[in-house]
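# Structure assessment
Spelled out from the first residue to the last, the chains are:
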Amino acid sequence: MVRHVILWKLKEELSPEEKQSIKKEIKAGLEGLVGKVPGLVEVTVNIDGRIDSSNCDLMLDSVLESPEALKIYAQHPEHQTVANGKVRPYTIQRTCLDYEY
């Protein structure tokens, strides 16, 4: 199994209301990929509960069957649609940690 964890920082010029709306769209889009992308087992996008000591705005925590499944996920058209339409236009920083367990 592979855990794929991403932290994003949203663009500073977005209002708090815009940020909340965008986070909800990202959450819905990414969590909706389960069952559509082969090898994607579980997806949780954390958008609430952030405290002031944080330096990122949201977190993707996902589980895939294998490193090969992670490669398929990264290139899958459904994932690319979410990434290009809901994530990349609104983020300025991305941090990733992938590991097998």
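Cut-offs applied
- Residues numbered from 1 in each chain as written.
- Predicted model: local features only at pLDDT ≥ 70, side-chain atom pairs only at ≥ 80, totals over all residues.
- Heavy atoms only, no water.
- Buried < 20%, exposed > 50% of the residue type's maximum accessible area, 1.4 Å probe, protein only.
- Helix = DSSP H or I, 4+ residues; strand = E, 2+ residues; numbered from the N terminus.
- Pairing = 2+ DSSP bridges.
- Core = buried A, V, L, I, M, F, W, Y, C linked by side-chain atoms within 4.5 Å.
- Contact = heavy atoms within 4.5 Å.
- Salt bridge = Lys/Arg side-chain N within 4 Å of Asp/Glu carboxyl O.
- Axes fitted to C-alpha atoms, helices over the stretch in contact; angles between N-to-C directions.
- Parallel < 35°, antiparallel > 145°, perpendicular 65-115°, else oblique.
- Nonpolar A, V, L, I, M, F, W, Y, C, P; charged D, E, K, R; others polar.

### Observations regarding the pairing of strand β1 (residues 2-10)
Most of β1 is tucked away, with 8 of its 9 residues classed as buried. The sheet contact formed by β1 and strand β3 (residues 58-64) spans 7 bridges and is antiparallel. Bridge pairing in β3 links R3 to V63. Strand direction decides the pairing type here: β1 and strand β4 (residues 91-100), joined by 9 bridges, are antiparallel. Looking at β4, one finds that W8 is bridged to R94.

### Thoughts on the nonpolar core
Ranked by internal contacts, the top residues of the largest apolar core, which has 22 residues, are L30, L60 and Y73. When contributions to this core are tallied by element, the ones reaching two or more residues are β1, α1 (16-31), β2 (40-46), β3, α2 (67-75) and α3 (77-87). Not counting residues within four places of it along the chain, the set of residues in contact with L30 comprises W8, V43, V45, L60, Y73, H79 and V82.

### Observations concerning the pattern of salt bridges
As enumerated under the stated definition, the model contains 5 salt bridges in all. One salt bridge connects R50 with D57, and the closest N-O pair in it is separated by 3.6 Å. The class of R50 is partly exposed, set by a relative accessible area of 38%. The exposure class of D57 is buried, given its relative accessible area of 10%.

### Some remarks on the environment of Q93
Counting through the fold element by element, Q93 comes out in strand β4. In this structure the C-alpha to C-alpha distance between Q93 and A28, which are 65 residues apart in sequence, comes to 20 Å. Dropping the residues within four chain positions of it, Q93 is found in contact with L7, W8 and K9.

### As for the packing of α2 against α3
Remark: α2 packs on α3, axes separated minimally by 5 Å, with the N-to-C direction vectors making an angle of 55°. With respect to their mutual orientation, α2 and α3 come out oblique. Judged by residue contacts, Y73, A74 and Q75 of α2 engage P77, H79 and Q80 from α3. Its residues assigned to classes, the contact of α2 with α3 comprises 3 nonpolar, 3 polar and no charged.

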